[in-house]
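A look at the structure
Take a look at the letters that make up each chain.
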Amino acid sequence: MCIEELSDTLIDHFNYPRNIGIIDYPNGEGFNGDPKCGDYLEIYIRVENNLIEDISFLVFGCFGAIATGSMTMELAKGKTLEEALKITEEDIIQALGGLPEDKKHCSNLGVTALKNAIKDYYSKEKN
Ligand code: FES
């Protein structure tokens, strides 16, 4: 694979990942690691009135993990929890303008961490 095969959007999200770090006062946190390659991603959300008001992530991983994590931020921010739960790996891959075949599994990190963060939010709300 050479860099010419990657979309401009993907390269941009890799070079300038959006919403990196830990937001103030998160009320949901989710994690996910990929045992196949050891990459790891954490997501922090702040939910107000059923909307993801703010979101951020930390990642240890390959360029695919960084770019897909960043795109997960863009797709989830401002969505209702129900809408955010419907975001798929394919949505992220499409929004990035494609991913090399051997990097498609990277998109699972953000999607699953987001679901886990929402689950964490619901369980904190219940308590
Ligand atoms: Fe496994 Fe990117 S998350 S290679």
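Residues numbered from 1 in each chain as written. Predicted model: local features only at pLDDT ≥ 70, side-chain atom pairs only at ≥ 80, totals over all residues. Heavy atoms only, no water.

An unreviewed UniProt entry lists the protein under the name Iron-sulfur cluster assembly scaffold protein, with Clostridium weizhouense given as the organism.

Examining the pairing of strand β1 (residues 28-34)
Note the following rule: Exposed residues in this analysis have more than 50% of their type's maximum accessible area, buried residues have under 20%, and partly exposed residues fall in between, with area computed by a 1.4 Å probe over protein chains only. Numbering of helices and strands starts at the N terminus; helices are DSSP runs of H or I of at least 4 residues and strands are runs of E of at least 2. Being paired, for any two strands, means DSSP has found at least two bridges between them.
Only one face of β1 is buried: it carries Gly-28, Gly-30, Asn-32 and Asp-34, and the other face, with Glu-29, Phe-31 and Gly-33, is open. Pairing of β1 with strand β2 (residues 39-48), which is carried by seven bridges, proceeds in the antiparallel orientation. Directly across from Gly-28, in β2, lies its bridge partner Ile-45. Here β1 hands over to β2 after four residues, with Gly-38 in that stretch at a positive phi of 85°.

Here we look at the pattern of salt bridges
Should their charged atoms come close, side chains of opposite charge can pair. As a reminder of what qualifies: The rule for a salt bridge is simple: a side-chain nitrogen of Lys or Arg has to be within 4 Å of a carboxyl oxygen of Asp or Glu.
For the structure shown, the criterion picks out six salt bridges. Between Glu-48 and Arg-46 there is a salt bridge; the shortest N-O distance is 3.4 Å. Where Glu-101 meets Lys-104, a salt bridge forms, and the shortest distance between an N and an O atom there is 3.2 Å. For Glu-101, a relative accessible area of 63% translates into the label exposed. Within this structure, Arg-46, Glu-48, Asp-54 and Lys-77 form a network of salt bridges that share partners.

Side note on the environment of Ile-87
For the record, the criterion: Residue contacts are defined here by distance: any two heavy atoms, one from each residue, within 4.5 Å place the two residues in contact.
Looking at the secondary structure, you find Ile-87 in the loop between α3 (81-85) and α4 (89-95). Judged by its relative accessible area of 7%, Ile-87 is buried. Between the C-alpha atoms of Ile-87 and Ser-123, which are 36 residues apart in sequence, the distance is 20 Å. Excluding its chain neighbours within four sequence positions, the residues that come into contact with Ile-87 are Leu-75, Ala-76, Ile-92, Val-111, Leu-114 and Lys-115.

Quick word on the packing of aromatic side chains
Filter applied, for reference: For this analysis, a ring pair means two rings from Phe, Tyr or Trp (six-membered ring only for Trp) whose centres lie within 6.5 Å, classed as stacked if their planes differ by under 30 degrees, edge-to-face if by over 60, and tilted for the remaining angles.
A complete count under the given rule lists two aromatic pairs for this structure. Taking the centre distance of 6.2 Å and the plane angle of 75° together, the rings of Phe-14 and Phe-63 count as edge-to-face. Here Phe-63 lies in helix α2 (residues 63-76) and Phe-14 lies in helix α1 (residues 8-15), a separation of 49 residues in the sequence. Residue class for Phe-14 comes out partly exposed when judged on its relative accessible area of 35%. Both rings, one in Tyr-121 and one in Tyr-122, keep their centres 5.9 Å apart while their planes meet at 55°; by these two values the pair is tilted.

Some thoughts on α2
Definition in use: Each residue after the first adds 1.5 Å to the expected span of a helix.
With 14 residues, α2 should cover 20 Å at 1.5 Å per step; its first-to-last C-alpha distance of 20 Å lies within 8% of that length. Those residues of α2 that are buried are in contact with α1, β2, β3 (51-60), α4 and α5 (107-126). With its phi angle positive at about 85°, Gly-78 sits one or two positions after the end of α2.

Some details on the sheet that holds β3
The strands making up a sheet associate through hydrogen bonds between their backbones, and the pairing can be parallel or antiparallel. Defined as follows: Fitted lines through C-alpha atoms give the axes, limited to the stretch in contact for helices. The angle between two N-to-C directions lies from 0 to 180 degrees.
One open sheet accounts for three strands, arranged β1-β2-β3; its pairing is antiparallel. Looking along the sheet, the strands with just one partner apiece sit at the ends: β1 and β3. Each adjacent strand pair in this sheet contributes to an overall mean axis angle of 15°, direction not counted. Of the pairings in the sheet, the one linking β2 to β3 comprises nine bridges and is antiparallel in character.

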